[in-house]
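# A look at the structure
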Amino acid sequence: MTQLALVIDLNVCVGCHACVTSCKEWNTSGWAGPMADENPYERDPTGTFFNRVQTFEVGAFPFTETVHFPKSCLHCEEPPCVPVCPTGASYKRAEDGIVLVDYDKCIGCKYCSWACPYGVRELDEHQKVMKKCTLCVDRIYDESLPEAERKPACVLACPTNARLFGDVHDPESEVSVAIRERGGYALMPEWGTKPANHYLPRRKTRIEVTEEELVRADNPLKKERKLPKPAFDEPSLDDVTSW
Amino acid sequence: MSEPLTESELRRRRGERVEQRNTTCYMCACRCGIRVTVVDGKVRYIQGNPDHPLNKGVICAKGASGIMKQYSPARLTQPLLRKPGAERGAGEFEPISWDEAFRILEERLARIRETDPKKFALFTGRDQMQALTGLFAKQFGTPNYAAHGGVCSVNMAAGMIYTIGGSFWEFGGPDLDRAKLFVMIGTAEDHHSNPLKIAISKFKRRGGRFVSINPVRTGYSAIADEWVPIRPGTDGALLLAITHEIIRRGLYDRDFLVRYTNAPQLVNVDPESPEYGLLVRTRDPVPEGCFDPQNQLWWDRHTDRPVRTHTEGADPYLLGSFTLEDGTPVKPAFQLLVDRLKDYTPEWASRITGIPAETIRRLAHEMGVTARDHRIELPIPWTDAWGREHESVTGNPVAFHAMRGLAAHSNGFHTIRALSILMTVLGTIDRPGGFRHKAPFPRPIPPCAKPPKGPEDVRPGQPLNGMPLGWPAGPDDLFVDERGEPVRIDKGFSWEYPLSVHGLMHNVITNAWRGDPYRIDTLMIFMANMAWNSTMNTVEIRRMLNDKDENGEYKIPFLVVCDAFQSEMVAFADLVLPDTTYLERHDVMSLLDRPISEFDGPVDSVRVPVVPPLGECKPFQEVLIELGSRLKLPAFVNPDGSRKYRDYPDFIVNYETEPGSGIGFLAGWRGKGGEKHLRGEPNPRQWEMYEKNGCVFHYELPRSYQYFRNWNQGYLEWAQRHRLTRYAEPIMIQIYSEVLQKFRLAAEGKWPGRQPPQRLRERIRTYFDPLPFYHEPLEAQVTDTQRYPLNAVTQRPMAMYHSWDSQNAWLRQIHTYNYLYMSPQLGERLGVEDGGWVWVESPWGKVRCRCRFSEAVEPNTVWTWNAIGKQPGAWNLAPDANEGRDGFLLNHLISEELPGGAAGARVSNSDPITGQAGWYDVRVRIYPARADEPGRTWPEFEPARPVPGEPERPRRWLVFSARGKARA
Amino acid sequence: MHPAFSVIFLTTLIGAGQGLFLALYTVELYAALELLPAPPAAFYTWGSLAALALLGLGLFASFFHLGHPERAWRAAARWRTSWLSREVIVLPALMAAVAAYGLAHLLGLDWRIFGDALPLPGHVTLLLGGIGTVLAFALYLCTGMIYACIRFLQEWHTPLTVINYTLLGGASGFTAATALAAVLSPAHTAFLGRWAIVITLLGMATRVASLVRNARLKPKSTLESAIGVRHTRIVQRSMGFMGGSFNTREFFHGAPPVVYEAVRWAFLVLAFPLPALLLAVGLEGGGTPAFAAAFAVQYLGLLAERWFFFAQANHPQNLYYQTVG
Ligand SMILES: Nc1nc2c(c(=O)[nH]1)N[C@H]1C(S)=C(S)[C@@H](COP(=O)(O)OP(=O)(O)OC[C@H]3O[C@@H](n4cnc5c(=O)[nH]c(N)nc54)[C@H](O)[C@@H]3O)O[C@H]1N2
Ligand SMILES: Nc1nc2c(c(=O)[nH]1)N[C@H]1C(S)=C(S)[C@@H](COP(=O)(O)OP(=O)(O)OC[C@H]3O[C@@H](n4cnc5c(=O)[nH]c(N)nc54)[C@H](O)[C@@H]3O)O[C@H]1N2
Ligand code: SF4
Ligand code: SF4
Ligand code: SF4
Ligand code: SF4
Ligand code: SF4
Ligand SMILES: [Mo]
């Protein structure tokens with residue numbers, strides 16, 4: 001069985017928000033749109049987004065780590081948001097594990113959002129239905145697109161390639177390999193929601209320089225220290241005294 | 001809906017017509033290739049062009065929000081004339097026709113040109129068409145032209161170009177495909193936004209080590225393996241100490257220094273000599289030209305005699321002190337560098353920078369050992385400029401990148417020289433894994449273009465004699481009158497800022513207002529928000545724009561603003577010219593300007609319109625072509641005075657730098673049928689061919705020409721044949737800068753040519769040091785730093801471009817207003833609360849703003865995002881929008897002038913060498929706002945009023961879909 | 001959580017409606033067992049009408065919670081998995097039962113449908129009431145479970161939630177019934193009033209128990225588990241937008257701490273001791289005004305209680321929405 005998902009590499013995410021706006025851009029005019037904005041040019045603008053990038057600070061100065069943290073629906077394998085939905089508008093597709101909302105059925109009761117621990121569902125305040133990341137289901141199967149572009153908009157946009165997309169149930173997929181080899185983890189595992197999306201942790205590269213490496217035979221200073229011998233005819237003690 | 005539909009199925013069912021076109025993004029100056037999908041005439045989706053060499057398909061937050069720029073309610077749509085009797089700044093306009101606008105401009109500009117062309121000043125901001133605007137200014141005959149470089153990063157350009165013949169910024173960059181250690185200094189977002197992100201992430205994935213030196217940890221620095229917080233303005237000390245340690249340990253690349261730099265060249269060290277401090281040269285006659293004749297001397301260790309550099313078999317001393325036959329004492333330049341570095345120890349630097357000496361030493365060792373022990377060797381044979389054949393291309397995998405954190409300080413020039421020298425000492429210039437040039441760089445040191453030499457070069461009715469902007473090689477290239485006083489309105493190329501190679505845009509308004517050095521008549525501003533964020537001391541500058549003389553005349557009599565949006569600047573215009581957006585016009589990113597070249601060869605690109613212009617918007621390019629034709633500027637008319645170019649696309653195809661030169665704005669598909677590259681006759685189908693290729697032309701150099709380009713015979717000759725350069729002489733790295741020494745000699749009265757006015761002698765003598773040295777920024781020198789102990793700086797937010805994007809409904813949700821970030825300890829000490837309102841005060845002004853605590857900032861520094869705060873009502877935002885009420889502009893705290901001490905009553909708050917604006921030098925103190933003060937930002941401004949023709953702004957809802965109406 | 005007024009009214013109104021109906025049925029049962037005299041039919045009919053009104057008002061309020069009330073019927077679809085769906089089925093069913101019950105009393109139907117086989121008089125009203133009672137308890141269960149089943153909301157994820165919904169609804173219903181009886185069937189006031197006091201005090205006990213429990217809760221999710229970084233010091237610098245979003249509006253009460261604390265004390269006083277006292281005063285001769293006041297005060301108290309119930313629930317998603325920056 002297929003479970004499509006995103007794997008987000010916190011080791012390279014620079015928090016640029018490309019995934020945020022490219023998602024909005026693709027989806028607002030697409031099948032999952034529109035995504036309304038309220039007070040667009042007034043005080044306190046607010047609108048529907050399927051994906052947000054947040055920033056956390058870990059540790060204290062000077063050992064602070066700044067962590068940029070993109071988050072969209074994690075397409076949980078045990079999605080608590082689905083069974084609570086009274087209308088069946090929220091559902092998880094059997095064929096690829098994508099969790100979707102059928103806007104035509106949704107009554108906008110918000111109950112599913114209460115049942116999601118991750119805060120990724122957003123009620124569109126204009127259309128009054130629940131919306132969320134669709135994994136760009138309208139792109140990834142669109143055969144009129146070139147194969148390489150049958151990926152979510154945010155994945156195509158991400159300048160650091162921090163967003164991988166694929167089937168986490170296929171052990172050979174890029175995403176499964178990344179999870180396996182680079183310590184991919186799920187958010188809030190304590191709830192047993194089994195998010196399909198995973199995150200890859202930061203990794204640190206260090207260079208150790210040993211004292212031996214600082215003194216080497218080919219040190220150019222050896223050459224530099226060989227300064228020219230003074231010319232024979234330069235003054236010396238020989239010229240001024242005898243004893 | 002029920003079952004999801006694919007996009008194509010959805011379009012099919014709705015019966016919509018879908019088109020895709022490639023063009024070039026301009027949500028910022030990075031210029032990525034984009035593919036725009038248009039549905040029934042409406043922009044639906046903007047994605048990165050996967051085939052584009054720059055961004056390889058990715059896009060950024062701004063690029064993906066281009067739709068909201070296109071449909072912004074802040075768009076200007078008609079030419080506007082200030083209502084008779086209305087005050088400037090009141091924003092009262094009446095729409096006029098383009099005919100009328102052109103008539104006004106033609107009449108006024110023709111009069112100025114016939115009398116005194118310098119009374120017309122053209123200053124442009126974050127544009128990318130300096131080749132055309134510069135050409136227009138030169139043809140008009142005014143020297144008063146510059147783009148944003150002086151407010152931006154001219155130190156970065158000048159500091160490096162005067163040292164290695166190329167620079168970061170748009171001219172070169174780190175080779176992260178091969179580097180092992182990457183040190184990024186003072187960079188938040190950079191011009192090369194997407195490519196740098198792509199490169200850094202690949203580098204990290206390969207396991208490279210990434211160190212960021214920055215007082216603040218955001219963005220790129222967030223993913224650094226090590227963050228080295230530094231006190232602002234002190235990097236010079238750090239870099240000099242690192243270089244000290246590297247040399248002390250013998251970790252420098254000796255072979256590189258010997259062969260490719262002036263390190264071993266002998267310098268006259270006889271203080272009595274008129275040539276004191278200059279390189280000793282053989283007396284052989286050399287042809288005049290803009291290149292570095294290879295006639296300097298080495299002291300050969302085999303023969304113990306001076307020999308001409310690069311003499312076959314010779315091996316020069318790098319250290320020592322020698323006497324020439326005529327008794328002149330000489331030293332290799334490297335010895336002088338070592339002498340200079342003697343006291344710049346890690347301990348010394350630690351006290352200045354706040355970085356532990358141990359860290360400084362460790363960084364030096366990491367750099368030195370990685371450079372030495374991880375040498376890259378590529379099996380690419382090449383030949384150097386002296387004819388020596390090399391079996392392979394080698395490189396030392398330590399790469400640096402730096403931007404405005406170094407540049408935007410008034411000591412930045414020397415800091416950047418210090419960085420260039422560190423990179424050189426490590427042997428990393430135009431080599432794999434290090435720094436790589438991008439065409440048309442490297443250039444000779446300095447590049448050939450020269451500013452005019454004196455007032456006589458500004459002639460009524462004639463083009464300017466010289467380039468408005470150029471690269472002085474010595475005191476005699478300055479642009480001053482017989483008293484040594486400036487000719488340019490911004491005092492560029494004067495003794496105050498001799499190497500101000502990008503002008504000093506930040507002083508134009510103040511100088512023009514004061515009439516110092518003279519009054520001007522018309523100031524034309526294109527794409528610059530000089531009533532707001534590209535101005536220091538914003539409150540005063542706005543007053544100057546409105547100020548009248550005793551006759552009731554505006555001190556700056558006529559202000560023309562060409563903008564696409566209702567920026568803060570627009571309200572001050574007498575005449576507003578509504579520009580198109582980047583999706584509505586033709587544009588070129590030319591090799592004559594700052595192209596988007598790659599390490600492997602020149603790249604230029606174009607924009608083509610994907611949607612028709614809104615209202616009466618007209619591309620500024622067309623305005624210039626029209627004006628040039630009407631004013632009969634020689635480049636725009638035939639010998640009989642008739643119009644030469646139909647429009648801008650026609651101009652781009654047919655313009656040649658000289659008749660028959662075969663060099664034009666675009667390098668691709670030249671020649672009658674598009675068969676030639678770089679040089680060739682005009683090709684009438686050139687636009688088409690660009691478009692077919694994704695609007696980009698990429699010329700890949702043969703592999704053997706891709707490295708060591710300063711000294712690569714093959715490359716230099718290729719560049720010469722394709723007229724990228726006039727000479728194919730090697731470009732030696734100037735560890736020791738003779739150019740600077742020439743100015744110093746002039747200050748000491750030893751230069752046979754021009755000499756500075758008395759009041760500036762000491763300033764020139766101090767700052768024109770041929771070797772880098774550390775000095776405090778000018779502002780700190782005149783500020784009571786006990787009273788103002790903190791540094792205040794800004795960062796580029798990745799999801800906003802300067803002041804442009806508050807009109808963008810999506811982006812403004814990410815940055816709606818800004819906080820001042822400070823360390824929690826500082827906040828506690830000051831008694832302010834996280835999220836509370838504080839006063840920030842500098843010697844020059846104060847603002848009230850909200851603060852946020854952050855552990856990711858050096859404790860003596862506070863920072864905020866740049867240009868988020870806005871004038872209420874500008875950009876067609878609601879008058880109570882957060883940008884104007886909660887957001888603030890740091891610029892209010894920064895002065896464009898400083899008390900000048902001996903150098904005069906006042907000097908620009910700029911680097912004394914290049915005129916680079918000292919944005920990041922400001923010192924502040926902070927205290928909590930009183931409880932009874934309003935929870936609003938201060939200073940407060942009257943709300944700007946919408947201008948005629950602006951689209952109605954949707955109030956409650958914006959429900960955008962490329963299907964129905966743009967707005968609900 | 002953000003206390004939505006629609007939901008506050010929905011749950012308090014139907015809770016009281018259910019309780020009132022249960023009070024009526026309790027009286028009828030006692031009467032059938034001849035433990036109490038039979039009240040006049042008007043007591044049942046007016047009582048049922050009042051219960052129906054409370055349930056109807058609750059239902060009405062619930063529509064304000066929906067983005068698409070016109071599609072509310074769809075909410076019955078997922079009764080297999082969704083407590084909300086179940087509530088949506090049970091509430092109208094209960095209303096129908098109450099209506100039938102009231103109508104049967106109004107029409108004075110006294111078919112003895114079970115003949116004499118049972119010791120109880122097999123009146124149809126008893127059967128209808130029995131069905132209603134099952135439905136009323138089912139509805140308490142549904143309503144309670146809507147909240148209790150969300151395991152991330154640790155404050156709610158406890159049997160106490162269902163118990164409290166039941167007892168608090170019951171208390172207010174019995175108080176209402178007492179007031180009603182004072183007007184229509186004074187003979188039953190004492191019986192109902194005592195029950196009302198007992199249930200109120202029981203409700204107080206379980207509600208205080210839940211407060212105590214919640215005060216000791218340790219959030220299962222932390223910033224560490226939320227972003228998967230192990231460190232003792234993690235602070236959010238920016239939630240990624242500044243003008244608010246659904247996630248900042250729906251899951252935060254937004255009230256200043258003083259208000260929050262005030263509401264807690266207000267409901268602890270208004271919902272329990274004060275109405276109990278007023279009931280006692282009524283029983284001691286205060287009569288109808290005291291009972292009416294008891295109901296009014298208690299209902300107010302329950303509004304506050306429900307506000308607090310939502311406000312106190314700290315959703316783990318809030319970890320992601322802490323700082324505008
Ligand atoms: N405090 C502080 N101040 C700074 C800096 C800093 O770091 N800190 N940075 C400085 C730097 S590096 C720079 S480069 C300057 C930039 O300063 P500016 O050049 O003034 O930058 P923008 O805000 O981008 O303003 C450019 C204007 O271009 C307009 N515009 C956008 N698109 C178009 C178009 O297609 N056509 C036309 N005609 N107009 C258009 C916008 O509406 C805006 O009014 O700011 C400087 N100011
Ligand atoms: N998204 C976006 N991209 C942009 C722009 C934009 O507005 N938005 N603007 C464009 C323009 S015009 C420019 S010039 C470039 C500028 O690109 P950058 O130079 O990358 O941008 P700045 O924000 O000026 O970054 C300066 C950095 O230097 C740090 N800094 C300040 N003082 C010091 C110091 O003394 N030492 C060190 N080591 N660091 C210091 C600051 O903390 C900050 O991180 O960006 C371009 N790209
Ligand atoms: S686009 Fe990529 S790098 Fe940028 S915020 Fe999203 S995940 Fe991070
Ligand atoms: S992340 Fe939330 S919305 Fe998405 S599937 Fe999991 S529980 Fe449902
Ligand atoms: S808001 Fe819509 S999708 Fe969510 S639970 Fe209610 S009906 Fe289902
Ligand atoms: S997968 Fe598609 S819908 Fe989901 S966050 Fe990415 S772009 Fe948005
Ligand atoms: S980096 Fe600049 S040019 Fe590239 S996509 Fe973003 S806004 Fe456009
Ligand atoms: Mo800039």
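This text goes with the structure placed above it.
## So, the sheet that holds strand β23 (residues 522-526) of chain B
Residues and elements named next belong to chain B. Strand order across the open sheet formed by 7 strands is β5-β4-β25-β24-β23-β6-β7, with mixed pairing between neighbours. The open sheet has two edge strands with one neighbour each: β5 (93-95) and β7 (145-146). As defined by bridge partners, strand β4 (residues 80-82) adjoins β5 across 3 bridges and the pair is classed as antiparallel. Within β5, the position partnered with Leu80 by the bridge is Pro95. Relative to strand β6 (residues 120-124), helix α4 (residues 130-140) is tilted by about 175 degrees, and along the sheet it contacts β6 and β7.

## A few points about the layout of surface pockets
All names here are of chain B. If you add up the space inside the largest pocket, you get close to 1,800 Å³. What lines the largest pocket is a set of 45 residues, among which Arg443, Ala449, Met467, Leu591 and Leu592 lie closest to the centre. If one sorts the elements of the lining of the largest pocket by residue count, α4 sits on top with 6 residues. Tallied by class, residues from the lining of the largest pocket come to 24 nonpolar, 11 polar and 10 charged. Contributing to the lining of the second largest pocket are 31 residues, with Arg281, Phe291, Pro293, Glu738 and Lys742 lying nearest its centre.

## Thoughts on the nonpolar core
In a soluble, globular protein the nonpolar side chains are often hidden away together inside. Judged by nonpolar contacts, the single largest core of 360 residues is most densely connected at B:Leu523, B:Phe636, B:Phe651 and C:Tyr320. Ignoring anything within four residues of it in the chain, the contact list for B:Leu523 reads B:Ala121, B:Phe123, B:Val508, B:Ile509, B:Ile556, B:Phe558, B:Leu559 and B:Val560. Counting 116 residues, the second largest nonpolar core, distinct from the first, contains B:Phe171, B:Ile230, B:Ala747 and B:Leu898.

## Concerning the interface of chain B and chain A
Opposite the 104 residues of chain B that make contact, chain A presents 89 residues. Counting the surface lost from both chain B and chain A, the interface buries some 7,900 Å², and carbon and sulfur atoms represent 54% of this. Scanning the region where chain B abuts chain A turns up 10 salt bridges. Where chain B packs against chain A, one counts 51 residue pairs in polar contact (both at pLDDT 80 or more). For the side of chain B that touches chain A, the residue count by class is 50 nonpolar, 24 polar and 30 charged. Relative to strand β37 (residues 957-958) of chain B, strand β2 (residues 37-38) of chain A runs antiparallel, the two sharing 2 bridges. Within the sheet, the bridge partner assigned to A:Asp37 lies in β37(B) and is B:Leu958.

## Observations concerning the interface of chain B and chain C
Of the residues lining the interface, 11 residues belong to chain B; the matching set on chain C comes to 9 residues. Between chain B and chain C, roughly 800 Å² of surface is buried when both sides are summed, and carbon and sulfur atoms account for 49% of that area. At the junction of chain B and chain C, the tally comes to 1 salt bridge. The salt bridge involving B:Glu855 is made with C:Arg233; its shortest N-O contact spans 2.9 Å. For the interface between chain B and chain C, the tally reads 4 residue pairs in polar contact (both at pLDDT 80 or more). In terms of residue class, the side of chain B that touches chain C is built from 5 nonpolar, 4 polar and 2 charged.

## Thoughts on the state of the cysteines
Joining two cysteines, a disulfide is a covalent bond between their sulfur atoms. Residues and elements named next belong to chain B. Inspection of every chain in the model, using the stated rule, returns 1 disulfide over all chains. Bridging Cys290 to Cys448, the disulfide has an S-S length of 2.0 Å. Classification of the bridge connecting Cys290 and Cys448 rests on its S-S torsion, roughly -80 degrees, and on that basis the disulfide is left-handed. With Cys290 in the loop between β12 (266-268) and β13 (297-300) and Cys448 in the loop between β22 (435-437) and α15 (508-514), this pair connects stretches of sequence that are 158 residues apart. The class of Cys448 is partly exposed, set by a relative accessible area of 32%.

## Some details on helix α11 (residues 288-312) of chain C
End to end, α11(C) covers 35 Å across 25 residues, agreeing with the expected 36 Å (1.5 Å per residue, within 8%). Extensive coverage of α11(C) is indicated by the burial of 18 of its 25 residues.

## Observations regarding empty space enclosed by the protein
Within this model, the second largest cavity holds a volume of roughly 330 Å³. Lining the second largest cavity are 28 residues, with A:Thr55, A:His68, B:Thr218, B:His815 and B:Trp865 positioned closest to its centre. Residue assignment for the lining of the second largest cavity shows that the elements contributing at least two residues are β4 (51-58) and β5 (65-72) of chain A, β33 (861-865) of chain B together with β1 (234-238) of chain C. Per-element tally for the lining of the second largest cavity: the top contributor is β4(A), with 3 residues. Tallied by class, residues from the lining of the second largest cavity come to 12 nonpolar, 12 polar and 4 charged.

## Describing a nonpolar patch on the surface
All names here are of chain C. Residues Val269, Leu274, Leu277 and Val281 make up a contiguous nonpolar surface patch of about 310 Å² in total accessible area. Counting residues per element, the nonpolar patch draws most heavily on helix α10 (residues 273-286), which supplies 3 residues. With respect to the helices and strands, the residue Val281 is situated in helix α10. Taking the relative accessible area as the measure of exposure, Val281 reaches 42% and is therefore partly exposed.

## A word on the sheet that holds strand β26 (residues 587-589) of chain B
Residue and element names in this part refer to chain B. Strands sit in the order β26-β27-β28 across an open sheet of 3 strands; the sheet is antiparallel. Pairing within the sheet leaves two strands with one partner each, and these edge strands are β26 and β28 (696-698). Here the strands of the sheet are splayed against their neighbours by 10 degrees on average, with no regard to which way each runs. Where strand β27 (residues 603-607) lies against β28, 3 bridges are found, and the strand directions are antiparallel. Directly across from Val603, in β28, lies its bridge partner His698.

## Thoughts on the pairing of β1(C)
Burial runs high along β1(C): 4 of the 5 residues are buried. By the bridge criterion, 4 bridges tie β4(A) to β1(C) in an arrangement that is antiparallel. Paired with A:Phe56 across the bridge in β1(C) is C:Gln236.

## Examining the site of ligand 3
Around ligand 3 lies a shell of 13 residues, among which A:Cys13, A:Cys16, A:Cys19, A:Cys158 and A:Thr160 are the nearest. In terms of residue class, the shell around ligand 3 is built from 9 nonpolar, 3 polar and 1 charged.

## With respect to the side chain of B:Asp521
Residue and element names in this part refer to chain B. Its location among the elements puts Asp521 in the loop between α15 and β23. Only 2.9 Å separates the side chain of Asp521 from the side chain of Arg108, close enough to count as a polar contact. With residues near it in sequence (within four places) discarded, Asp521 still touches Arg108, Arg111, Ile112, Lys119, Ile556, Pro557 and Phe558.

## Considering the packing of aromatic side chains
Centre distance and the angle of the planes are the two values used to describe a pair of aromatic rings. Throughout the structure, instances matching the rule amount to 83 aromatic pairs over all chains. Aromatic pair B:Phe120 and B:Phe136: ring centres 6.5 Å apart, planes at 75 degrees, arrangement edge-to-face. One end of the pair, B:Phe120, is in strand β6; the other, B:Phe136, is in helix α4, and 16 residues separate them in sequence. Here B:Phe120 matches B:Phe136 in class, with each residue buried. Both rings, one in C:Phe21 and one in C:Tyr101, keep their centres 5.1 Å apart while their planes meet at 80 degrees; by these two values the pair is edge-to-face. Remark: C:Tyr101 occurs in helix α3 (residues 83-107) and C:Phe21 occurs in helix α1 (residues 5-32); sequence separation between them is 80 residues.

## Considering the side chain of B:Ser72
Residue and element names in this part refer to chain B. On the secondary structure map, Ser72 appears in the loop between α2 (66-70) and β4. By relative accessible area, which is 1% here, Ser72 ends up buried. Within the local environment of Ser72, its side chain forms a polar contact with the backbone nitrogen of Ala74, the two atoms lying 2.9 Å apart.

## Points about helix α16 (residues 538-546) of chain B
Residues and elements named next belong to chain B. Turning to α16, its buried residues are Thr538, Ile541, Arg542, Met544 and Leu545. The buried side chains of α16 occupy one side of the element, clustering within an arc of 160 degrees when seen end-on. On its buried side, α16 packs onto α15 and β24 (558-563).

Rules used throughout
- Residues numbered from 1 in each chain as written.
- Chains lettered and ligands numbered in written order.
- Predicted model: local features only at pLDDT ≥ 70, side-chain atom pairs only at ≥ 80, totals over all residues.
- Heavy atoms only, no water.
- Pairing = 2+ DSSP bridges.
- Helix = DSSP H or I, 4+ residues; strand = E, 2+ residues; numbered from the N terminus.
- Contact = heavy atoms within 4.5 Å.
- Axes fitted to C-alpha atoms, helices over the stretch in contact; angles between N-to-C directions.
- 1 Å grid on protein atoms, 1.4 Å probe; cavity = no way out; pocket = protein on both sides within 12 Å on 5 of 7 lines; lining within 4 Å.
- Points joined across faces, edges and corners; volume = space filled by probe spheres on them.
- Nonpolar A, V, L, I, M, F, W, Y, C, P; charged D, E, K, R; others polar.
- Core = buried A, V, L, I, M, F, W, Y, C linked by side-chain atoms within 4.5 Å.
- Buried < 20%, exposed > 50% of the residue type's maximum accessible area, 1.4 Å probe, protein only.
- Buried area = accessible area lost by both parts, 1.4 Å probe.
- Salt bridge = Lys/Arg side-chain N within 4 Å of Asp/Glu carboxyl O.
- Polar contact = N/O pair within 3.5 Å; in protein donor to acceptor, adjacent residues only side chain to side chain.
- Disulfide = S-S within 2.5 Å.
- Expected span 1.5 Å × (residues − 1).
- Patch = residues over 30% accessible without salt bridge, like charges linked within 9 Å, V, L, I, M, F, W, Y side chains within 5 Å.
- Areas by Shrake-Rupley, 256 points an atom, 1.4 Å probe, with all protein chains shown as cover.
- Near = heavy atom within 4 Å.
- Phe/Tyr/Trp six-rings, centres within 6.5 Å; stacked < 30°, edge-to-face > 60°.
- Arc of directions from axis to C-beta.

Geometric descriptors of this kind do not, in isolation, establish any biological role.
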